[in-house]
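Here is what each chain is made of, one letter per residue.
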2 protein chains.
Amino acid sequence: MARNITPREKDYSQWYLDVIKAAEMADYAPVRGCMVIRPTGYAIWESIQSQLDERFKETGHVNAYFPLLIPSSFLEKEAKHVEGFSPECAVVTYAGGEELEEPLVIRPTSETVIGHMYSKWIQSWRDLPILINQWCNVLRWEKRPRLFLRTSEFLWQEGHTAHATREEALEETLRMLEVYRSFMEEVLALPVLTGEKSEGERFPGAENTYTCEAMMTDKRALQAGTSHFLGQNFAKAFDIRFQNKDGELEYAWTTSWGVSTRLIGAIIMTHADNDGLVLPPNVAPVKTVILPITPDQNLLQEKILPEAEKILERLKKILGANRVVLDTQFHMRPGDRFFYHLQKGVPLRLELGEAEMKSSHLRAVRRDTGEVVNISFDAVEREVPRLLENIQNTLYRRARSFREENTYHVTSFEEFNEVLNKKGGFIKAYFAGSPEDEKAIKEATTATIRCFLLNEPTEGTCFYTKKKGGKLAVFAKAY
Amino acid sequence: MARNITPREKDYSQWYLDVIKAAEMADYAPVRGCMVIRPTGYAIWESIQSQLDERFKETGHVNAYFPLLIPSSFLEKEAKHVEGFSPECAVVTYAGGEELEEPLVIRPTSETVIGHMYSKWIQSWRDLPILINQWCNVLRWEKRPRLFLRTSEFLWQEGHTAHATREEALEETLRMLEVYRSFMEEVLALPVLTGEKSEGERFPGAENTYTCEAMMTDKRALQAGTSHFLGQNFAKAFDIRFQNKDGELEYAWTTSWGVSTRLIGAIIMTHADNDGLVLPPNVAPVKTVILPITPDQNLLQEKILPEAEKILERLKKILGANRVVLDTQFHMRPGDRFFYHLQKGVPLRLELGEAEMKSSHLRAVRRDTGEVVNISFDAVEREVPRLLENIQNTLYRRARSFREENTYHVTSFEEFNEVLNKKGGFIKAYFAGSPEDEKAIKEATTATIRCFLLNEPTEGTCFYTKKKGGKLAVFAKAY
């Protein structure tokens with residue numbers, strides 16, 4: 001059992017990779033920049049998928065599937081879109097033994113091909129809104145890959161909706177931003193700031209991009225999900241028109257929104273520690289593990305295992321059949337068995353040995369704090385869910401406090417530089433500069449505007465240009 | 001509301017496409033041979049996915065994700081594999097703006113890249129078995145595409161397992177064949193014959209291929225799912241070795257098995273009729289629809305709708321929140337509303353109008369038989385599931401009878417030809433010929449051996465070569 005996780009304080013990047021390796025979450029694939037998501041990692045994605053999907057369906061969305069391959073001419077129909085994505089595309093030039101007449105691009109995102117289909121499906125205002133989501137793989141060629149955070153191929157969902165009015169499309173854009181925010185905070189225990197991207201950081205082809213930004217434990221920002229208001233840009237590029245109630249032809253208003261396997265990277269860099277992964281119970285595929293431990297084989301077979309199996313069945317009923325497991329890796333030493341589950345991030349470990357049998361208690365060890373609680377056998381149905389809820393809340397509060405402790409408000413560029421160099425973290429500042437100013441700040445400091453905060457209507461003096469009417473922005477170095 | 005479905009008797013191919021179009025299940029994509037799976041079709045795939053996935057997990061499998069792109073050299077490591085698949089591959093030659101050093105193939109199936117990863121993950125007998133499944137898209141360039149049945153890109157699951165012994169791997173191959181059979185019969189109401197493929201029809205690189213074969217309503221066969229015993233072929237090609245309990249290095253034994261979106265084609269061609277799709281309740285995303293119908297707006301608003309909503313809530317509780325819908329398309333004529341749900345294959349329609357309100361009954365119309373049953377308001381919880389179960393069984397029995405009525409046993413090639421030309425269907429015959437004989441039969445008749453039946457230990461005289469010791473085969477023209 002390897003316990004060699006590099007301490008986070010020593011080398012954050014290596015620590016991140018070591019956590020992934022120790023938990024057997026992912027591996028690099030033989031193709032540069034691509035990854036293999038191993039069962040432990042994939043189970044987290046399945047948990048994310050099923051819970052997000054439920055929230056999408058509750059807000060009226062249905063799933064569909066659009067093709068992987070897109071004619072390269074499609075990308076060119078939206079000027080900013082092709083500029084943004086074509087340098088990252090993988091291109092199919094041969095298929096079925098023949099050279100293709102037109103090269104095909106592996107989807108980096110599907111606005112274009114979905115726009116093409118919507119133009120066929122939408123005729124009348126009665127066909128609107130269209131509220132479709134797709135779970136799929138996408139490909140954006142990556143020169144500096146990093147497991148989960150940046151890989152050439154990744155898994156994601158992309159929602160694509162079409163509406164009759166600007167207002168309705170804007171409302172949808174913000175509704176999905178809120179679905180993301182609440183999912184991230186409630187399920188992933190990931191506190192996020194929501195806001196609007198600056199012009200330079202917008203999705204290529206969008207009128208407006210909204211984002212959820214989280215702070216990782218190295219104080220850098222991670223963009224965890226985005227929701228785009230596409231205006232009529234794609235409707236015009238792909239001729240998505242409908243007859244309105246007055247019989248006139250109008251262009252539709254569209255949105256798109258997505259989150260990806262990157263969220264797994266966010267979980268690691270928010271909750272994991274030097275012992276390995278830490279999973280918030282609400283997203284953990286395995287919420288608790290029962291460990292029968294004793295050197296006494298008779299006691300194990302005759303008393304401990306039967307009791308452990310009884311508790312297993314009782315917990316399955318309240319947590320779900322696959323959400324609790326019984327560890328029977330008796331060929332391993334007890335310490336290695338503890339470590340096995342620590343590294344995989346299981347939120348709660350329930351130990352059952354000779355002492356516990358005598359006192360009819362389980363020894364419950366929390367993954368988040370290491371704290372030990374004794375749970376009476378007959379109280380597992382009450383106490384285990386209560387502990388899990390407490391762990392969930394503790395992880396969220398801890399991450400939120402960390403972000404708050406590392407967020408600073410500055411009013412001058414001098415102060416900005418000082419905070420960035422000495423402390424790091426999020427910097428809040430009023431900004432009224434131009435895209436060129438933003439670029440200059442990025443070149444000088446590597447920090448970028450993560451977003452202009454929503455629900456911050458007050459305006460202030462720009463810390464950089466000293467102009468009035470600055471909006472409250474959050475700056476940070478980012479992944 | 002278009003009701004123009006070509007009658008099945010007139011033009012089976014066109015009927016099939018019309019059913020798909022009328023139900024809005026799928027559409028051709030702008031790239032030749034690729035399809036868009038629309039929400040109605042995709043919801044069926046989601047239903048298949050979730051129920052199969054549960055059966056995979058019950059048999060000890062976990063999910064993972066392997067990369068879309070495979071170095072072309074990988075395919076060449078297994079001689080038969082490359083021969084079988086390379087003519088169908090789509091090849092990426094450019095990525096990130098540069099020509100690639102080695103072309104990358106979009107996976108047509110993943111034995112090679114998974115074999116490569118397994119060789120890294122497997123060291124000791126303790127690492128075995130590995131029981132992994134993957135849900136993903138694959139690509140096999142298709143010159144004569146047909147929605148769901150043959151498309152260049154399709155969705156599927158591919159299970160890939162590795163074992164310490166031949167016996168264990170063979171057992172797994174047959175276990176998954178049985179998982180497929182029971183799923184197809186119990187959920188899709190699709191009666192299937194299970195058997196072993198002949199040498200010429202095996203998966204490229206397999207030692208043995210097992211299959212589930214179904215009869216479509218045009219009497220042709222459809223291969224609905226396959227399970228392959230790969231022996232040590234891929235283990236040798238990719239160096240998957242483990243140290244056994246005696247400390248010696250051995251090659252692992254592997255299997256693979258898969259079903260695809262083709263199953264949706266099988267559902268259509270087994271159950272659909274001239275009014276459109278017919279879905280077995282166990283796979284239907286929407287099991288029943290409630291239709292409030294009256295020209296009297298007051299009655300509708302004050303009595304009928306409130307009652308319909310009450311029944312909706314009661315049915316949601318027993319069928320699942322998304323499994324029952326209330327039709328409020330009041331801008332459509334009643335006949336068009338009926339047809340809308342007929343075409344989409346909803347198993348049961350519950351009508352609620354003035355007469356029904358008076359008698360406190362729902363008018364239930366079965367999709368499979370058109371039969372009408374009155375259900376008292378207070379009996380919906382009992383009667384609706386009972387009717388759905390009856391519909392499920394009726395569809396299965398009907399399909400099974402159809403297959404039995406169209407299956408013939410022959411003992412000579414003359415008889416074989418006569419049955420094939422005059423009747424069609426499945427032909428059972430003892431066969432002891434060579435692969436060349438099989439080829440000659442195919443060239444003369446276009447019929448192929450669908451499988452040698454399992455559980456048919458008796459041997460007989462070969463209908464073709466007149467040799468003794470023939471095994472019982474099923475021949476048919478196939479999709």
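Residues numbered from 1 in each chain as written. Chains lettered and ligands numbered in written order. Predicted model: local features only at pLDDT ≥ 70, side-chain atom pairs only at ≥ 80, totals over all residues. Heavy atoms only, no water.

For chain A, an unreviewed UniProt entry supplies the name Proline--tRNA ligase and the organism Acetomicrobium thermoterrenum DSM 13490. Recorded in UniProt under Subcellular location (unreviewed entry), the annotation for chain A is "Cytoplasm". Listed under Subunit (unreviewed entry) in UniProt, the entry text for chain A is "Homodimer." (UniProt positions renumbered as here; feature names shortened; annotations may be inferred.)

Asks: Describe in detail the packing of helix 1 (residues 12-22) of chain B against helix 8 (residues 262-271) of chain B, supporting the description with residues and values.
Replies: All names here are of chain B. Helix 8 packs onto helix 1 with a crossing angle of 115° between their chain directions and a minimal axis gap of 11 Å. By the angle between their directions, the pair helix 1 and helix 8 is classed as roughly perpendicular. Pair helix 1 / helix 8 crosses with right-handed handedness. Seen from helix 1, the contacting residues are Tyr12, Trp15, Tyr16, Val19 and Ile20; seen from helix 8, they are Gly265, Ile268 and Met269. Looking at the contact of helix 1 with helix 8 residue by residue, the classes come out as seven nonpolar, one polar and no charged. (Axes fitted to C-alpha atoms, helices over the stretch in contact; angles between N-to-C directions. Helix = DSSP H or I, 4+ residues; strand = E, 2+ residues; numbered from the N terminus. Parallel < 35°, antiparallel > 145°, perpendicular 65-115°, else oblique. Left-handed = near helix turned anticlockwise from the far one by under 90°. Contact = heavy atoms within 4.5 Å. Nonpolar A, V, L, I, M, F, W, Y, C, P; charged D, E, K, R; others polar.)

Asks: Account for the pattern of salt bridges, naming residues and giving values.
Replies: Under the definition given, this model contains 54 salt bridges over all chains. Among the ionic pairs, Arg400(A) bridges to Glu404(A), the shortest N-O distance being 3.1 Å. Residue Arg400(A) and its partner Glu404(A) are located together in helix 12 (residues 380-405), separated by four residues, close to a single helical turn. Taking the shortest distance from any N to any O, the salt bridge between Glu213(B) and Lys197(B) comes out at 2.8 Å. You can see Glu213(B) sitting in strand 10 (residues 208-215) and its partner Lys197(B) sitting in the loop between strand 9 (193-196) and strand 10, a full 16 residues away along the chain. Glu213(B) sits in the buried class, given a relative accessible area of 1%. Look at the salt bridges and you will find they share partners, linking Glu46(A), Asp53(B) and Lys57(B) into a network. (Salt bridge = Lys/Arg side-chain N within 4 Å of Asp/Glu carboxyl O. Buried < 20%, exposed > 50% of the residue type's maximum accessible area, 1.4 Å probe, protein only.)

Asks: How would you explain the relation of the copies chain B and chain A if you had to name every residue and give the values?
Replies: If you rotate chain B by 180° and push it 0.0 Å along the axis, it lands on chain A with an RMSD of 0.0 Å. On this basis, the relationship between the two copies can be described by a two-fold rotation axis. Nearest to the rotation axis, the C-alpha of Val92(B) is located 2.1 Å from it, this being the minimum over chain B. The residues that chain B uses at the interface reappear at the interface of chain A in 98% of cases, marking a shared surface. (Least-squares fit on C-alpha atoms with pLDDT ≥ 70 in both.)

Asks: Break down the state of the cysteines for me, with residues and values.
Replies: The final tally for this structure, using the stated rule, is zero disulfides over all chains. Cys136(B) supplies the cysteine sulfur nearest to Cys136(A), a cysteine that is in no disulfide, at a spacing of 12 Å. Look at Cys136(A) and you get buried, because its relative accessible area is 8%. No disulfide involves Cys462(A); its sulfur sits 16 Å from that of Cys451(A), the nearest cysteine. (Disulfide = S-S within 2.5 Å.)

Asks: Describe the interface of chain B and chain A, listing the residues and the values that go with them.
Replies: At the junction of the two partners, chain B supplies 56 residues and chain A supplies 55 residues. Taking both sides of the interface into account, the surface hidden between chain B and chain A amounts to around 4400 Å²; carbon and sulfur atoms contribute 65%. A per-residue breakdown of the area chain B buries against chain A is headed by Pro30(B), Tyr65(B) and Trp121(B), which together make up 14% of the total. Connecting chain B to chain A are four salt bridges. Where Glu98(B) meets Lys143(A), a salt bridge forms, and the shortest distance between an N and an O atom there is 3.9 Å. One can count 22 residue pairs in polar contact (both at pLDDT 80 or more) joining chain B with chain A. With six residues, the top contributor of residues to the side of chain B that touches chain A is strand 5 (residues 90-95) of chain B. Residues belonging to the side of chain B that touches chain A are distributed by class as follows: 37 nonpolar, seven polar and twelve charged. (Buried area = accessible area lost by both parts, 1.4 Å probe. Polar contact = N/O pair within 3.5 Å; in protein donor to acceptor, adjacent residues only side chain to side chain.)

Asks: Give a description of the UniProt feature "domain: Aminoacyl-transfer RNA synthetases class-II family profile" (unreviewed entry) in chain A that names residues and reports values.
Replies: According to UniProt, the feature "domain: Aminoacyl-transfer RNA synthetases class-II family profile" (unreviewed entry) maps to residues 32-280 of chain A in the numbering used here. Regarding residues 32-280 of chain A, the helix share stands at 32% and the strand share at 32%, and the terminal C-alpha atoms are separated by 31 Å.

Asks: Can you tell me about the packing of aromatic side chains, naming the residues and giving the values?
Replies: Per the counting criterion, the structure on display carries 42 aromatic pairs over all chains. Between Phe431(B) and Phe463(B), the ring centres sit 6.2 Å apart and the planes meet at 45°, which makes this aromatic pair tilted. Taken as a pair, Phe431(B) in strand 21 (residues 426-431) and Phe463(B) in the loop between strand 22 (448-453) and strand 23 (471-476) lie far apart in primary sequence, 32 residues in all. Look at Phe463(B) and you get buried, because its relative accessible area is 1%. Within the aromatic cluster, the residues linked to one another by ring pairs are Phe413(A), Phe416(A), Phe431(A), Phe463(A), Tyr464(A) and Phe475(A). The cationic tip of Lys77(B) hangs over the ring face of Phe74(B); the distance from NZ or CZ to the ring centre is 5.1 Å. Here the basic side chain of Lys471(B) rests over the ring of Phe452(B), its NZ or CZ set 4.7 Å away from the ring centre. (Phe/Tyr/Trp six-rings, centres within 6.5 Å; stacked < 30°, edge-to-face > 60°. Lys NZ or Arg CZ within 6 Å of the ring centre and 35° of its normal.)

Asks: Before we move on, can you summarise helix 10 (residues 334-344) of chain B with the specific residues and values?
Replies: All names here are of chain B. Listing the buried residues of helix 10 in full gives Asp336, Arg337, Phe339, His341, Leu342, Gln343 and Lys344. The secondary structure elements touched by the buried residues of helix 10 are helix 1, helix 2 (39-58), strand 15 (288-292) and strand 17 (348-352). Immediately downstream of helix 10, the backbone of Gly345 shows phi near 80°, a positive value.

Asks: Describe the sheet that holds strand 19 (residues 372-376) of chain A, naming the residues involved and giving the relevant values.
Replies: All names here are of chain A. Strand order across the open sheet formed by five strands is 16-15-17-18-19, with mixed pairing between neighbours. Lying at the two open borders of the sheet, with one neighbouring strand each, are strand 16 (324-326) and strand 19. Sheet twist, expressed as the mean angle between neighbouring strand axes with direction ignored, is 25°. Judged from the five bridges that link them, strand 15 (residues 288-292) and strand 17 (residues 348-352) form a sheet pairing that is parallel. Residue pairing across strands places Ile290 opposite Leu350, the latter belonging to strand 17. Across the face of the sheet, helix 10 (residues 334-344) comes into contact with strand 15 and strand 17 while running at roughly 175° to strand 15. (Pairing = 2+ DSSP bridges.)

Asks: Now, about the pairing of strand 19 of chain A: what can you tell me, with residues and values included?
Replies: Residues and elements named next belong to chain A. Here strand 18 (residues 361-366) runs beside strand 19; their pairing, made up of five bridges, is antiparallel. When the bridges of strand 19 are listed, Ala364 appears paired with Val373. What sits between the antiparallel neighbours strand 18 and strand 19 is a turn of five residues, in which Gly370 has the positive phi angle 80°.

Asks: Tell me what's going on with unusual backbone geometry, and back it up with residues and numbers.
Replies: Cis geometry is found at the peptide bond from Leu128(A) to Pro129(A), where omega equals -5°. As for its position among the elements, Pro129(A) is in the loop between helix 5 (111-121) and strand 7 (130-139). Non-glycine residue Asp239(B) carries a positive phi angle of around 60°. Turning to its location among the elements, Asp239(B) is positioned in the loop between helix 7 (233-238) and strand 12 (241-243). In the Ramachandran plot, Lys466(B) falls in the positive-phi region, its phi being about 65° despite a non-glycine side chain.

Asks: Can you lay out the side chain of Thr151(B) for me, pointing to particular residues and giving the numbers?
Replies: Residues and elements named next belong to chain B. Relative to the helices and strands, Thr151 is located in the loop between strand 7 (130-139) and strand 8 (153-163). Residue class for Thr151 comes out buried when judged on its relative accessible area of 3%. Of the polar contacts made by the side chain of Thr151, one reaches the backbone oxygen of Glu153; its length is 2.7 Å. In contact with Thr151, other than residues within four places in its own chain, are Gly33, Met35, Arg140, Glu142 and Arg146.

Asks: Run through the domain arrangement of chain A, naming residues and quoting values.
Replies: Taken domain by domain, chain A holds domain 1 (12-271), domain 2 (288-402) and domain 3 (407-476). Between domain 2 of chain A and domain 3 of chain A, the C-alpha centre-to-centre distance is 47 Å. (Domains from an automatic or database assignment.)

Asks: Describe helix 2 (residues 39-58) of chain A, and please don't skip the residues or the numbers.
Replies: Residues and elements named next belong to chain A. Taking 1.5 Å of rise per residue, 20 residues should cover 28 Å, and helix 2 covers 28 Å from first to last C-alpha, within 8% of that figure. Every buried residue of helix 2 is accounted for by Thr40, Gly41, Tyr42, Ile44, Trp45, Glu46, Ser47, Ile48, Leu52, Asp53 and Phe56. Backbone geometry just after helix 2 places Gly60 at a positive phi near 90°. (Expected span 1.5 Å × (residues − 1).)

Asks: Give a description of the packing of helix 2 of chain A against helix 6 (residues 166-186) of chain A that names residues and reports values.
Replies: All names here are of chain A. The interhelical angle for the contact between helix 2 and helix 6, taken along N-to-C directions, is 140°, at an axis separation of 11 Å. The angle between the axes of helix 2 and helix 6 places the two elements in the oblique class. Crossing hand, helix 2 versus helix 6: right-handed. Across from Ile48, Gln51, Leu52, Arg55 and Phe56 in helix 2, the residues of helix 6 making contact are Met176, Val179, Tyr180, Ser182, Phe183 and Glu186. Among the residues making up the contact of helix 2 with helix 6, the classes are represented as seven nonpolar, two polar and two charged.

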